[in-house]
2 protein chains.
Amino acid sequence: MIEPIGNQYIVARPVYSANAFVEDHKKKLRYHKTFLDNLKVCCSCSTQKAKRIALSLFPIASWLPAYRIKEWLLSDIVSGISTGLVAVLQGLAFALLVSIPPSYGLYAAFFPVITYFFLGTSKHISVGPFPVLSMMVGAVVLRLVPTTSTMSLDIFNSSMSNDSSTDEYKVMVAATVTVLSGIIQLVMGVLQFGFVVIYLSESLISGFTTAAAIHVLVSQLKFILQLKVPAHTDPFSIFKTVIATGVSYGFDFKNRFNVAVVGKMQNGFQPPITPDIQIFQDTIGDSFGIAIVGFAVAFSVASVYSLKYDYPIDGNQELIALGVSNIFGGSFRGFAASTSLSRSGVQESTGGKTQIAGLLSAIIVLIVIVAIGFLLEPLQKSVLAALALGNLKGMLMQFTEIGRLWRKDKYDCLIWIMTFIFAIVLGLGLGLAASVAFQLLTIVFRTQFPKCSILANVGRSNIYKNKKDYSDMYEPEGVKIFRCPSPIYFANIQFFKQKLTDAVGFNPLRILRKRNKALKKIRKLQKKGLLQVTPKGFICTIDGFKDSEDELDSHQIEELDQPINLADLPFQIDWNADLPVNIVVPKISLHSLILDFSAVSFLDISSMRGLKKILQEFMRIKVDVYIVGTDDDFIDKLVQCEFFDDEVKDSIFFLTIHDAILQILMKDDSTSKFNSSQGKDAKFDFTINTNGGLRNRECQVPVETKF
Amino acid sequence: MIEPIGNQYIVARPVYSANAFVEDHKKKLRYHKTFLDNLKVCCSCSTQKAKRIALSLFPIASWLPAYRIKEWLLSDIVSGISTGLVAVLQGLAFALLVSIPPSYGLYAAFFPVITYFFLGTSKHISVGPFPVLSMMVGAVVLRLVPTTSTMSLDIFNSSMSNDSSTDEYKVMVAATVTVLSGIIQLVMGVLQFGFVVIYLSESLISGFTTAAAIHVLVSQLKFILQLKVPAHTDPFSIFKTVIATGVSYGFDFKNRFNVAVVGKMQNGFQPPITPDIQIFQDTIGDSFGIAIVGFAVAFSVASVYSLKYDYPIDGNQELIALGVSNIFGGSFRGFAASTSLSRSGVQESTGGKTQIAGLLSAIIVLIVIVAIGFLLEPLQKSVLAALALGNLKGMLMQFTEIGRLWRKDKYDCLIWIMTFIFAIVLGLGLGLAASVAFQLLTIVFRTQFPKCSILANVGRSNIYKNKKDYSDMYEPEGVKIFRCPSPIYFANIQFFKQKLTDAVGFNPLRILRKRNKALKKIRKLQKKGLLQVTPKGFICTIDGFKDSEDELDSHQIEELDQPINLADLPFQIDWNADLPVNIVVPKISLHSLILDFSAVSFLDISSMRGLKKILQEFMRIKVDVYIVGTDDDFIDKLVQCEFFDDEVKDSIFFLTIHDAILQILMKDDSTSKFNSSQGKDAKFDFTINTNGGLRNRECQVPVETKF
């Protein structure tokens, strides 16, 4: 029991290194699941599991038997009729975005709903055409089906003059792309790839939909203004269209009364088509984009309602449902379906309880297709275009996001801008892929340049904060506390090392080499009998010992990186004391280095090797290193990777910074080290003997003749 | 001053929330550099800066004047001659990898060294052909120049029969690719892209070079065995070659005495060529790969020596130097140069001190080119191939890495394997790009599924560890401590939420909705006068109050998510006490949730929104949330992003887990909350009145008729 004593934080316990702590507190032996265990669970098979999987493949088997006819049916009927009417108009409108005759939009609003009814897990979304998706299909159609007379602005004429072979080919392309993206969705669903949506962050979606809105806006303006402009088809073409709109505006506006109408509606259905394998090959990239965007939109809208009405949806099953719907819809000349936020809003707000409402909306569309389609024939295309545009205002308003994001988070702002640029310049399909890749890269960037800092004690208790942040800080002399606030891995281990070197103020390897060089010289002096060993250390009996800079060969330089070996010397050397004249080693006051790793969530193999090298370098110049704040797992991982040896031991781990600081202060020799580093009361020092004029020269000659 | 008291950790200080701490300890006002400031520094211009840049562009201007002729020249001459001889043989051998006549390898060993002498920053590397790089150029050559009779195995014949037009075109392709990759390197150097090498981790390099060794091995075997096999050119073709080797081995081996020799050596130089723009377009991807690999190899070898001899090298300048060298070398029919580890080893170990040794090695190559090349003409190609293979043993030994990495770090092992597969299947250029992308993705994966844990107190002091790890743990009742050991961002905020919900054992939003629903019913009862307010709370005067499950519309459901408003009620409701019959709300014992964010190094906008929603949901069901262990920067960032409002306040931040625990224990009402959560001594409870048979029915009817 912990008893609070007033508003006081009072603690008295032993100082704990990680090892000492485990001695005091028995650690439970836990069995950690291995990779093989997980694989077994994953692949295990039982009747129950098979049943559960079968049931999850047909969600209708769960919800239809529980349908409350009395309470829900009326709402579903009302909702179904309203949604159906919206679906008819949206279907006609969005078909324009695909650049195919409007009547095909009705197929897109009918077929997918039927399959989704059986396979879908969301009760509230209205499956069918979605502007951005229609636009993406349209971009493919216009790339693969060049308008009859290329380079002229007559795409609109061609559809007016009922150039049926071109139209038929366009429908073919749209349907094929739809089938292919359906196949992709189905495969992803079966492979349990529903998690991909988590890679679409808010900033990315905002930037992407804004770019899509721009694409849609540009392509729709030509219908509203009755301009004859080819829709943009490939990367960079959006600029052409923009320009063309400006050029054409003046002289084409006069023709505005020669308006285009929906035209002949096909009564009833048409036979299913066989997708063209050649088109598959040409559109695989776009189809991926369409598959992902279609799923992402449907899933995010479904998530909103699943959260609101508190029922589960299953991403993988949604992928399967949408995939089958698109294969089915595409085979019957529809185009890619997802959901439109506005239509789902209608379905939900008018009281839709289940997909029965969706089914009824499909029946309304069916009635229009087979019976009363002719009533819509005089509808002006410009009205439909305006309808499509109505959806876009909100999306375009998202431009204000840029400023808001810039103030809040530069990386998110960058994601928005880059996504927008990618989607505009590379087109929606490829742009999405590039954006996701860029976005994942920002996660690497964020961790790659951590804001490392030097900590010091605030308030003389156990609190350590950034030294730059507070005025009354205490930093024990000869101790540095260095904090790295991010994982360390191959891409930032060099950065980490650089920051650490900056923080301590010297390069440990360089110090080690200088000391080893000095040691060589001292050995040489000793061999020549120029050093007298005294109880206090040793005395150099010559004055002004001069040694030329030896040219070391490759092997000798490697020796300089080895630990300093004083075993064969009859005296100790204090590197911070004055050494004999002309033997200069930089003095360092650091004797202990504490690395705060509480935010280092992982190390990889590259960084481990780098870290070990850094630790060795410090230890070889007698700087004690303490690592604090790590998880137990962290140490286990290092043990597993054979990180520790005779030099770098696992005793360097302490629970907290304060434990390490107390340990340092407790160490007797650390105190003496601290004293000697100040040059006072040094235990050993060099006494300079001033009588060695001649011997000095004697000593100098042989050294020089060596070269 | 902190005084250590024996081996004891003794602390007495106030309990600190982040706010209380800042009140006690004045924080310094620090000016944080803005984006604009950094831009200014970056773009500022001064004479000194210009001078420094100019000097860094020509490193020779710094080191040549400081050249110590007496001490270094002899070593450099010895080293230069040895390196030159190695360079001649390697040049001839590696030209086979490029599938061009061996004599062109001498150009590759000569021209780049000359420019590197002026522009390079490394003193020890020997610039020139490198097997992997030669192989990469060779792959491009064989893709663009199909052997004369396609599908037959006569490439070797064609080069024997001196089909000079094909050879010339091959040399042209190799030279063009070299120039293009030189241009890419130069541009990258000017744009300061030298940092790209940090993205090549050890595991990646190991996997990549092993794959390259396999490629080289397969392509060389045909020379050693004198087989007539086309070298593999495109993705997947490596398998064909393997197979072909097996098939051809038997019957071709007999012809082995009809051996191929180096053949006619061109005496002197040939005129420079103009690269073909068409080839530029076809090889831009490969050239990128060649540029990156060439630079990465040269830079990593240079780094080894710069560290050993302790002098600085400059990545961007190295890029510029290699870029110019390749443009120069390519223009004179050489192929891509980098450095070979073995040749640099020769240069360094034989005493090379500066690039003077490199220059001398180039002169040796020059002598062979212009004067004594004919001596090498009878050299067997199989000898050269064996020379090239000698380099590969070490690389192939790297297969043992897989097992080692698997034991140490699964992700690193995965990087190795995927890099190997990518480089084998996609070819070296594209494979490298795919590997780097995959590798960066692993960084995302590592942070995406953090090992969240529940902590509890060990040893009754201020130490909190994973509850599963130790046996004698103390967890105050009604308190959960949840630790997330990684940054939180768009891709793992849902995962974080799921883990948190699992940890506390309930979904706070669902509890909130149930309470709000119950409140509606209690209000209804009160309106009907069926509740009597007593000093102890309220008494329900009916028995068995029954309410049908109301069907709520869309708007009413949204209301359920709002905070519970008890202001208009004349009594308090204790949700953990027994409520009137048929009003059931799940009881929760949790009253305080501590989130240990000490390893959460950043949040992005998406995760902030998600986190805020989670905090709100908990706060609305009266669970106090504490966030501990964050940096000061973290809170500043949240303030900047307008994270805080009336509901989620910045007072939730505490310095450590222990501060938060003490704060919780101190709170008077928390104690009472704890009591009431046990159902004992509840302050308010519902007394059931058993006399309401008739009124009960009266109450029930109107409720039912509503539907």
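Above this text you will find the structure in question.
Residues numbered from 1 in each chain as written. Chains lettered and ligands numbered in written order. Predicted model: local features only at pLDDT ≥ 70, side-chain atom pairs only at ≥ 80, totals over all residues. Heavy atoms only, no water.

(A) Structural view of the overall build of chain A. Secondary structure summary: chain A contains 28 helices and twelve strands in total. Taking all 707 residues of chain A together, 54% fall into the buried category. Here the contacts in chain A between residues at least 6 apart in sequence split such that 82% fall between residues at least 24 apart. Counting every atom, chain A has about 30800 Å² of accessible surface; 62% of that belongs to carbon and sulfur. (Helix = DSSP H or I, 4+ residues; strand = E, 2+ residues; numbered from the N terminus. Buried < 20%, exposed > 50% of the residue type's maximum accessible area, 1.4 Å probe, protein only. Contact = heavy atoms within 4.5 Å. Areas by Shrake-Rupley, 256 points an atom, 1.4 Å probe, with all protein chains shown as cover.)

(B) Spotlight on helix H19 (residues 410–425) of chain A. Compared with an ideal rise of 1.5 Å per residue, which puts 16 residues at 22 Å, H19(A) spans 22 Å between its outermost C-alpha atoms and is within 8% of the ideal. Here H19(A) starts with a cap whose side-chain oxygen sits 2.9 Å from the backbone nitrogen of Tyr411(A), and that cap is Asp409(A). (Expected span 1.5 Å × (residues − 1). Polar contact = N/O pair within 3.5 Å; in protein donor to acceptor, adjacent residues only side chain to side chain.)

(C) Focus on the relation of the copies chain A and chain B. Between chain A and chain B, the superposition needs a rotation of 180° and an axial shift of 0.0 Å, giving an RMSD of 0.0 Å. When the rotation and shift are considered jointly, the pair of chain copies conforms to a two-fold rotation axis. The position closest to the rotation axis in chain A is occupied by the C-alpha of Ala599(A), lying 1.9 Å away. When you check the interface residues of chain A against chain B, 98% turn up at the interface there too, and the contact is symmetric in its surfaces. (Least-squares fit on C-alpha atoms with pLDDT ≥ 70 in both.)

(D) Inspection of the interface of chain A and chain B at higher detail. Each partner contributes to the interface: chain A provides 108 residues, whereas chain B provides 106 residues. Summing both partners gives a buried area of about 10200 Å² for chain A against chain B, and 56% of it is carried by carbon and sulfur. Between the two partners, chain A and chain B, sit ten salt bridges. Asp310(A) is paired through a salt bridge with Arg510(B); the nearest N and O atoms lie 2.9 Å apart. Between the two partners, chain A and chain B, sit 31 residue pairs in polar contact (both at pLDDT 80 or more). (Buried area = accessible area lost by both parts, 1.4 Å probe. Salt bridge = Lys/Arg side-chain N within 4 Å of Asp/Glu carboxyl O.)

(E) Seen up close, the environment of Ser203(B). Residues and elements named next belong to chain B. Along the chain, Ser 203 turns up in helix H10 (residues 202–224). Sequence separation between Ser 203 and Glu 401 is 198 residues; the distance between their C-alpha atoms is 8.6 Å. Once you skip the residues sitting within four places of it in the chain, Ser 203 turns out to touch Leu 405, Asp 412, Ile 415 and Trp 416. At a separation of 2.6 Å, a polar atom in the side chain of Ser 203 contacts the side chain of Asp 412.

(F) Representation of the packing of aromatic side chains. Enumeration over the complete set of coordinates arrives at 56 aromatic pairs over all chains. Centre to centre, the rings of Tyr470(A) and Phe21(B) are 5.6 Å apart; their planes meet at 70°, and the pair counts as edge-to-face. Taken as a pair, Tyr470(A) in the loop between strand S5 (463–466) and strand S6 (473–474) and Phe21(B) in helix H1 (residues 18–24) lie in two separate chains rather than in one. For Tyr470(A), a relative accessible area of 1% corresponds to the buried category. Of the residues examined, Phe21(B) reaches a relative accessible area of 1% and is grouped as buried. Cluster of aromatic residues (ring-pair linked, three or more members): Tyr104(A), Tyr107(A), Phe110(A), Phe111(A), Phe328(A) and Phe332(A). In this structure, Lys410(A) packs its charged tip against the face of Trp406(A), placed 4.6 Å from the ring centre. A cation over an aromatic ring shows up here: Arg13(B) above the ring of Tyr9(A), its NZ or CZ 3.7 Å from the ring centre. (Phe/Tyr/Trp six-rings, centres within 6.5 Å; stacked < 30°, edge-to-face > 60°. Lys NZ or Arg CZ within 6 Å of the ring centre and 35° of its normal.)

(G) Structural context of helix H9 (residues 164–190) of chain A. Residues and elements named next belong to chain A. Its 27 residues place the ends of H9 38 Å apart at the C-alpha level, agreeing with the 39 Å of an ideal helix rising 1.5 Å per residue. By the criterion of burial, H9 is predominantly enclosed, with 19 of the 27 residues buried. Following H9 by one or two positions, Gln 192 adopts a phi angle in the positive range, close to 60°.

(H) The pairing of strand S4 (residues 453–458) of chain A, seen in detail. All names here are of chain A. The element S4 is largely enclosed, with a buried count of five among its six residues. In this structure, S4 lies alongside strand S7 (residues 479–483), joined through three bridges in antiparallel fashion. Counted as the bridge partner of Ile 454 is Phe 482 from S7. Pairing between S4 and S5: four bridges, direction antiparallel. The residue of S5 that forms the bridge with Leu 455 is Asn 466. Between S4 and S5, which follow one another and run antiparallel, lie four residues, and Gly 459 among them has a positive phi close to 75°. Direction of pairing for S4 relative to S6: antiparallel, over a ladder of two bridges. Across the sheet, the residue bridging to Asn 457 is Tyr 474, located in S6. (Pairing = 2+ DSSP bridges.)

(I) Representation of a nonpolar patch on the surface within the structure. Together, Ile69(A), Leu73(A), Ile77(A), Ile81(A) and Leu85(A) give the surface a local cluster of nonpolar side chains, amounting to about 430 Å² of exposed area. Within the secondary structure, Leu85(A) sits in helix H5 (residues 69–98). (Patch = residues over 30% accessible without salt bridge, like charges linked within 9 Å, V, L, I, M, F, W, Y side chains within 5 Å.)

(J) Structural view of the packing of helix H6 (residues 103–119) of chain A against helix H13 (residues 315–331) of chain A. Residues and elements named next belong to chain A. Interhelical geometry of H6 versus H13 gives an angle of 150° and a closest axis separation of 8 Å. Accordingly, the angle class assigned to the pair H6 and H13 is roughly antiparallel. H13 is crossed by H6, and the crossing has right-handed handedness. The segment H6 lies against H13, with Phe 111, Pro 112, Ile 114, Thr 115, Tyr 116 and Leu 119 engaging Gln 317, Glu 318, Ala 321, Val 324, Ser 325, Phe 328 and Gly 329. A breakdown of the residues in the contact of H6 with H13 according to their chemical character gives eight nonpolar, four polar and one charged. (Axes fitted to C-alpha atoms, helices over the stretch in contact; angles between N-to-C directions. Parallel < 35°, antiparallel > 145°, perpendicular 65-115°, else oblique. Left-handed = near helix turned anticlockwise from the far one by under 90°. Nonpolar A, V, L, I, M, F, W, Y, C, P; charged D, E, K, R; others polar.)

(K) A look at the nonpolar core. Phe496(B) and Phe618(B) are the most contacted members of the largest nonpolar core, which has 159 residues in total. Of the residues forming this core, the biggest block, 14 residues, is contributed by helix H12 (residues 277–309) of chain A. Beyond its immediate chain neighbours, meaning those up to four positions away, Phe618(B) contacts Leu500(B), Val504(B), Phe506(B), Pro508(B), Leu590(B), Leu593(B), Val623(B) and Val625(B). (Core = buried A, V, L, I, M, F, W, Y, C linked by side-chain atoms within 4.5 Å.)

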